[in-house]
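What follows is each chain in one-letter form.
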Amino acid sequence: MTTRTTDAAIEISSARTLVRPFEPGDAPEVFACISPEITRFMAWEPPPSLEDFEEVWRTWIPSIEDRSDLHLVARARKDGRCLGIVGVHAVRSGKPELGIWLRRDVHGLGYGRELIGSVAAWASKHLRVEYFEYPVAEENDASRRIAEAIGGRIAERRTNPKYHSVVYHIPPVA
């Protein structure tokens, strides 16, 4: 993993991916990756149109700019196509929350573990991190394996309208 961080840029790279903050120009490609299959285990529903998605991503921009909440676009290094979004939420809390969703056709290829691992390593180096929170639907075995692979342990359980979840605490990555 390599990282480039300046006052204006965050860029996180791993063997197969490149991650950087969401920008308005990413919206059409990110929107095209959203499907009911990927939002099954998400607290939100897929926006019905690109215009509806604009209402969502416009709320992201101020927190990306002030670095309080990061929505990061994950792209394949080899061809630049959008893979999904990695989130680092509650950045200043000391216990940032990690989250990820990936386009359906890349599920099962190890991108989730690679992306969460590289983003957690970047955050551990650049943010104050006591531990990461990683909430996952109890039935989402793939996301649970991501957390467990990088040292996550179940610390609590939560319920939301769509599913029951477990919250992993993941130690900072050295």
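One structure accompanies this document, and this report is about it. (Residues numbered from 1 in each chain as written. Predicted model: local features only at pLDDT ≥ 70, side-chain atom pairs only at ≥ 80, totals over all residues. Heavy atoms only, no water.)

A look at the nonpolar core
In step 1: Leu72, Val86, Val88, Leu98, Leu115, Val119 and Tyr134 are the most contacted members of the largest nonpolar core, which totals 32 residues.
In step 2: Of all elements in the fold, only strand S2 (10–13), strand S4 (70–76), strand S5 (82–89), strand S6 (97–102), helix H4 (111–126), strand S7 (132–137), helix H5 (141–149) and strand S9 (164–170) reach the threshold of two or more residues within this core.
In step 3: Sorting elements by how many residues they give to this core places H4 first, with seven residues.
In step 4: Excluding its chain neighbours within four sequence positions, the residues that come into contact with valine 86 are Leu70, His71, Leu72, Ala74, Gly99, Ile100, Leu115, Ile116 and Val119.
In step 5: Of all hydrophobic cores here, the second largest spans 16 residues; its members include Met42, Ile64, Ile85 and Trp101. (Core = buried A, V, L, I, M, F, W, Y, C linked by side-chain atoms within 4.5 Å. Buried < 20%, exposed > 50% of the residue type's maximum accessible area, 1.4 Å probe, protein only. Helix = DSSP H or I, 4+ residues; strand = E, 2+ residues; numbered from the N terminus. Contact = heavy atoms within 4.5 Å.)

Section: the layout of surface pockets
In step 1: Taken as a whole, the largest pocket encloses approximately 1,200 Å³ of empty space.
In step 2: What lines the largest pocket is a set of 47 residues, and nearest its centre among them are Met42, Ile100, Trp101, Asn140 and Ser143.
In step 3: Contributions of two or more residues to the lining of the largest pocket are made by helix H2 (36–39), helix H3 (50–65), S5, S6, H4, S7, H5 and strand S8 (153–159).
In step 4: Top element by residues in the lining of the largest pocket is S6. It accounts for six residues. (1 Å grid on protein atoms, 1.4 Å probe; cavity = no way out; pocket = protein on both sides within 12 Å on 5 of 7 lines; lining within 4 Å. Points joined across faces, edges and corners; volume = space filled by probe spheres on them.)

Re the pattern of salt bridges
In step 1: Counted under the stated rule, the structure contains 14 salt bridges.
In step 2: Residue arginine 40 pairs with glutamate 139 through a salt bridge whose shortest N-O separation is 3.6 Å. With arginine 40 in the loop between H2 and H3 and glutamate 139 in the loop between S7 and H5, the pair connects residues that are 99 residues apart, well separated along the chain.
In step 3: Given the relative accessible area of 59%, glutamate 139 is considered exposed.
In step 4: Here arginine 158 makes a salt bridge to glutamate 133, at a shortest N to O gap of 3.2 Å. In this pair, arginine 158 is assigned in strand S8 and glutamate 133 in strand S7, connecting sequence segments 25 residues apart.
In step 5: Here the salt bridges share partners, and the residues they tie into one network are Arg20, Glu23, Asp26, Glu29 and Arg75. (Salt bridge = Lys/Arg side-chain N within 4 Å of Asp/Glu carboxyl O.)

Quick notes on H4
In step 1: Over its 16 residues, H4 runs 22 Å from end to end, which matches the ideal 22 Å to within 8%, given 1.5 Å per residue.
In step 2: The buried fraction of H4 amounts to 13 of the 16 residues, a majority that puts the element mostly inside the structure. (Expected span 1.5 Å × (residues − 1).)

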